[in-house]
Amino acid sequence: METQYRFQKKHILGIEDLSPEDISFILDAADSFKEISQRSIKKVPTLRGKTVIHLFFEPSTRTRLSFEIAAKRMSADTFNISASTSSAQKGETLVDTARNLTSMNPDIIVIRHSSSGSPHLLAKHIGASVINAGDGTHEHPSQALLDMLTVRENKGQLKDLKIAIIGDIIHSRVAHSNIIGFTKMGAHVHVSGPATLIPPGIEKMGATVCHKVEEAIEDADVVMALRIQKERQFDPLFPSLREYAICFGVNDTRIQSAKPDAIIMHPGPINRGVEMTCEVADGKRSVIMDQVTNGVAVRMALLYLIMGGEDR
Ligand code: CP
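Quick look at the structure, then. (Residues numbered from 1 in each chain as written. Predicted model: local features only at pLDDT ≥ 70, side-chain atom pairs only at ≥ 80, totals over all residues. Heavy atoms only, no water.)

**Focus on helix α3 (residues 94-102)**
Taken residue by residue, α3 has Leu 94, Val 95, Thr 97, Ala 98 and Leu 101 as its buried positions. Projected onto a plane normal to the axis of α3, the buried residues spread over an arc of 160° and lie on a single side. Looking at the buried positions of α3, the neighbouring elements they touch are β1 (51-56), β2 (77-82), β3 (108-113) and α4 (118-125). (Buried < 20%, exposed > 50% of the residue type's maximum accessible area, 1.4 Å probe, protein only. Helix = DSSP H or I, 4+ residues; strand = E, 2+ residues; numbered from the N terminus. Arc of directions from axis to C-beta. Contact = heavy atoms within 4.5 Å.)

Written out as structure tokens, the structure is:
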């Protein structure tokens, strides 16, 4: 007898933990939530009475705001803690912070932290559901899901697409989640950037390494540029931003060799003129603002599903 699929995750810690079925289910749910943001009254009672805490120990514009908007559009009560306003400033450990938050009985904690693995640590110590909003250089699952939703909307599918990811791969949690996610969904990920910014063994994750950026972009369906993460580079890993822009920047000339209907993506924030020219970022192939719009829908879907979805 055929068993019916059920989404059964309590936490969203990484794309690694999601099956292709889970990913498709989340994207379908996000698709259905998009309509709520188009209404004049953008609010549904789905998460009424639920408490969501946003614990952001690193700066964020898109992720933090879209999680908050998502929770509020579903009528949850939301609270924000940032590094500068939390007692972490006074030396409190993450586990002690987590235990104290648990005592206030939240339902969901959304965490961004500079240490890889911190959402996993939190999930071990608290009863609430945990969503990873970016942990160090490890994963950024909700970003990869909104990226996959944006690609699926534009291309109708993910299977067999060529996805070029260009830039600071080694420090990028977005790259890691996207390589895992797109590969699970049957797409072919090609990465390029300075050799010092490509982690050894990335092929084991399913990515093809292209030492020339032109090889990655040629015939690509999707060209995604990533930010150079100066804050995570303690020693210079390439000569200068100017040289990076010349050798690896995504510009009008380079995107000529992508498929004619290729889309241009960037998770933001963009260093204009470094990883991407303004002409490309604001050009007709760019779907960068659609990524941001889809971020709200994907985060609504995640909050809804980890709270039990239809079973609520
Ligand atoms: N894409 C992304 O994570 O952006 P923020 O750092 O602004 O959240």
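Having put the structure on the table, let's press on.
**Focus on the sheet that holds strand β9 (residues 263-265)**
Sheet architecture is open: five strands sit in the order β7-β6-β5-β8-β9, paired in parallel fashion. Two strands lie at the open edges of the sheet, namely β7 (208-209) and β9, each paired on one side alone. Bridge count for strand β8 (residues 222-225) against β9 is three bridges, and the pairing is parallel. Residue pairing for β9: Val 223 is matched across the bridge by Ile 264. (Pairing = 2+ DSSP bridges.)

**Considerations on the sheet that holds β1**
Across the sheet, four strands lie side by side as β2-β1-β3-β4; this open sheet has parallel pairing. Strands with a single pairing partner mark the edges of an open sheet, and in this sheet they are β2 and β4 (129-135). Neighbour-to-neighbour, the strand axes of the sheet open up by a mean angle of 15°, direction not taken into account. Two strands pair when backbone bridges link them, and β1 and β2 are joined in this way by six bridges, in the parallel orientation. Paired with Phe 56 across the two strands is Ser 82, which belongs to β2. (Axes fitted to C-alpha atoms, helices over the stretch in contact; angles between N-to-C directions.)

**Digging into the site of the ligand**
The environment of the ligand is formed by Ser 60, Thr 61, Arg 62, Thr 63, Arg 112, His 140, Gln 143, Pro 267 and Gly 268. Between the ligand and Thr 61 there is a distance of 2.8 Å, counted from an oxygen atom to a backbone nitrogen or oxygen. Thr 63 is positioned with one of its side-chain polar atoms (N or O) 2.6 Å from an oxygen atom of the ligand. Coverage of the ligand by the protein amounts to 91% of the 250 Å² it exposes when considered alone. Here the residues of the shell around the ligand sort into one nonpolar, six polar and two charged. (Near = heavy atom within 4 Å. Polar contact = N/O pair within 3.5 Å; in protein donor to acceptor, adjacent residues only side chain to side chain. Areas by Shrake-Rupley, 256 points an atom, 1.4 Å probe, with all protein chains shown as cover. Nonpolar A, V, L, I, M, F, W, Y, C, P; charged D, E, K, R; others polar.)

**A few points about the packing of aromatic side chains**
Evaluated as defined, the whole model comprises four aromatic pairs. The interplanar angle of 75° and the centroid separation of 5.2 Å between the aromatic rings of Phe 33 and Tyr 304 together place this pair among those described as edge-to-face. With Phe 33 in helix α1 (residues 20-33) and Tyr 304 in helix α11 (residues 288-306), the pair connects residues that are 271 residues apart, well separated along the chain. Residues Phe 33 and Tyr 304 agree in their burial class; the two are buried. An aromatic cluster of at least three residues, connected via ring pairs, comprises Tyr 5, Phe 7 and Phe 25. (Phe/Tyr/Trp six-rings, centres within 6.5 Å; stacked < 30°, edge-to-face > 60°.)

**Concerning the side chain of Glu 68**
Within the element layout of this structure, Glu 68 appears in helix α2 (residues 62-73). When sequence neighbours within four positions are dropped, the list of residues in contact with Glu 68 reads His 54, Thr 78 and Asn 80.

**Quick look at the pattern of salt bridges**
The tally for this structure, following the rule as stated, stands at 12 salt bridges. The closest approach of N and O atoms between Asp 107 and Lys 50, which form a salt bridge, is 3.9 Å. Residue Asp 107 is found in the loop between α3 and β3, and its partner Lys 50 is found in the loop between α1 and β1; the two are separated by 57 residues along the sequence. Measuring nitrogen to oxygen at the nearest pair gives 3.0 Å for the salt bridge that ties Asp 221 to Lys 259. Separated by 38 residues along the polypeptide, Asp 221 in the loop between α7 (213-217) and β8 and Lys 259 in the loop between α9 (252-255) and β9 bring together distant segments of the chain. Overall, the relative accessible area of 7% leaves Asp 221 in the buried class. Connected via shared salt-bridge partners are Asp 28, Asp 31 and Arg 152. (Salt bridge = Lys/Arg side-chain N within 4 Å of Asp/Glu carboxyl O.)

**Things to note about the nonpolar core**
One finds Ile 131, Leu 145, Met 148, Ile 165, Ile 169, Phe 182 and Val 191 to be the most contacted residues of the largest nonpolar core, which totals 65 residues. Broken down by element, the residue count for this core peaks at 10 residues, all from α11. Among residues more than four places away in sequence, those in contact with Leu 145 are Ile 15, Leu 18, Ile 23, Ile 26, Leu 27, Val 298 and Leu 302. (Core = buried A, V, L, I, M, F, W, Y, C linked by side-chain atoms within 4.5 Å.)

**Section: the side chain of Gln 143**
For Gln 143, the location among the structural elements is in helix α5 (residues 141-155). The class of Gln 143 is buried, set by a relative accessible area of 5%. In contact with Gln 143, not counting residues within four places along its chain, are Val 174, Pro 267, Gln 291 and Arg 299.

**A short note on the environment of Lys 155**
Within the fold, Lys 155 resides in helix α5. Taking the relative accessible area as the measure of exposure, Lys 155 reaches 18% and is therefore buried. For the pair Lys 155 and Val 222, spaced 67 residues apart in the sequence, the C-alpha separation amounts to 9.4 Å. With residues near it in sequence (within four places) discarded, Lys 155 still touches Leu 161, Asp 221, Asp 261, Ala 262 and Ile 263. At 2.6 Å, the side chain of Lys 155 and the backbone oxygen of Asp 261 are in polar contact.

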